[in-house]
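# Results of the structural survey
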Amino acid sequence: RDVYFRNNGRINPGDIDSAGTLNMTLSGGNGLMFQNNGVYEWEVGDPATFDQIAVDGNVNFDSTWILRLSEAAGAVGGVDPSDTFDIITHTGTLADGLQSYVIDGSAIAGNTLWDISGATLTAVPGAIQLSGIEFELANFNDVYTWDDGDAGDSNWATAPNWDLGGDPATPP
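Below: a short report on this structure. (Residues numbered from 1 in each chain as written. Predicted model: local features only at pLDDT ≥ 70, side-chain atom pairs only at ≥ 80, totals over all residues. Heavy atoms only, no water.)

## Quick word on the pattern of salt bridges
Heads up, the rule is: In the sections that follow, a salt bridge refers to a side-chain nitrogen of Lys or Arg positioned within 4 Å of a carboxyl oxygen of Asp or Glu. Strands here are runs of E lasting at least two residues and helices are runs of H or I lasting at least four, both read from the DSSP assignment and numbered beginning at the N terminus.
Counted under the stated rule, the structure contains three salt bridges. Here glutamate 41 ties to arginine 68 by a salt bridge, and the two come within 3.3 Å at their closest N and O atoms. Placement of the pair is glutamate 41 in strand β5 (residues 38-46) and arginine 68 in strand β9 (residues 65-71), with a sequence separation of 27 residues. Where aspartate 104 meets arginine 68, a salt bridge forms, and the shortest distance between an N and an O atom there is 2.7 Å. One end of the pair, aspartate 104, is in strand β12 (residues 101-104); the other, arginine 68, is in strand β9, and 36 residues separate them in sequence. Each member of the salt-bridge network shares a partner with another, and the members are Arg10, Glu41, Arg68 and Asp104.

## Things to note about the sheet that holds strand β8 (residues 59-61)
Just so we agree on the cut-off: Should DSSP find at least two bridges between two strands, the strands are taken to pair.
Strand order in the open sheet formed by four strands is β1-β4-β8-β11, and the pairing between neighbours is parallel. Each of the sheet's edge strands pairs with one partner strand only, and the pair in question is β1 (3-5) and β11 (94-95). Relative to β8, strand β4 (residues 32-34) runs parallel, the two being bridged by three bridges. Looking across to β8, one finds that methionine 33 is bridged to asparagine 60.

## Some words on the sheet that holds strand β14 (residues 120-124)
Each strand in a sheet pairs with another by means of backbone hydrogen bonds, the pair being arranged parallel or else antiparallel. For clarity, the cut-off: The axes are straight lines fitted to the C-alpha atoms, using for helices just the contacting stretch, and the angles between their N-to-C directions are given from 0 to 180°.
The strand order β3-β7-β10-β15-β14 describes an open sheet built from five strands, whose pairing is mixed. For this open sheet the edge positions go to β3 (21-25) and β14, each flanked by a neighbour on one side alone. Taking each pair of neighbouring strands and ignoring which way they run, the sheet shows an average axis angle of 25 degrees. Strand direction decides the pairing type here: strand β7 (residues 52-56) and strand β10 (residues 84-90), joined by three bridges, are parallel. Bridge assignment links alanine 54 to a residue of β10, and that residue is threonine 89.

## Considerations on the nonpolar core
Soluble globular proteins tend to pack their nonpolar side chains together in the buried interior. Filter applied, for reference: In this description, a nonpolar core means a group of buried Ala, Val, Leu, Ile, Met, Phe, Trp, Tyr and Cys residues linked to one another through side-chain atoms lying within 4.5 Å. Accessible area is worked out with a 1.4 Å probe on protein chains only. A residue is then buried under 20% of its type maximum, exposed over 50%, and partly exposed in between. Pairs of residues are marked as contacts when any of their non-hydrogen atoms sit within 4.5 Å.
Tyr40, Trp42, Ile87 and Ile88 are the most contacted members of the largest nonpolar core, which has 31 residues in total. Counting residues per element, the ones that place at least two in this core are β4, β5, β7, β8, β9, β10 and β15 (127-131). Tryptophan 42 has contacts with Phe50, Asp51, Leu67, Arg68, Leu69, Ser70, Phe85, Ile87, Leu130 and Ile133, leaving out every residue within four places of it along the chain.

## As for the environment of glycine 78
Relative to the elements of secondary structure, glycine 78 occurs in the loop between β9 and β10. By relative accessible area, glycine 78 is classed as partly exposed at 35%. Glycine 78 sits 32 residues away from aspartate 46 along the chain, and the two C-alpha atoms are 5.8 Å apart. With residues near it in sequence (within four places) discarded, glycine 78 still touches Pro47, Asp83, Phe135 and Glu136.

Below, the structure written as structure tokens:
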């Protein structure tokens with residue numbers, strides 16, 4: 001059998017807000033197939049905690065598909081642009097390459113702790129890899145002290161007015 005995600009059909013390997021692995025054994029010729037804006041809702045908590053689809057069989061990207069990034073519950077951050085995530089693994093072939101894809105950050109829009117501007121997908125033997133994302137949580141152990149306007153103004157959002165070089169809402 002094959003499994004198709006198309007027309008905005010969605011797959012989320014873990015529970016909602018929880019990263020996990022979905023294992024699939026597919027014997028059909030297409031295997032796991034994304035078509036017509038099929039959506040993979042991918043969650044990450046840290047470099048070792050992220051969603052993955054593990055396919056025993058083939059993977060096929062027949063047309064434009066969407067990778068929607070989101071933050072797993074209990075996320076601790078620490079994701080660096082040099083980190084590489086095997087978001088899909090497979091034992092068979094990758095038919096048609098990656099084709100056209102969209103990396104969607106709408107679930108994290110406005111969250112300044114994320115940077116997906118360098119996000120890219122790469123097909124390697126046996127896997128589809130995501131890299132180029134950054135996700136850092138603030139270090140809540142730091143104590144920010146107001147330096148009484150050392151930057152020349154009294155704006156709380158001016159980083160040099162704080163001893164750690166960033167205001168508590170957007171740490172350095």
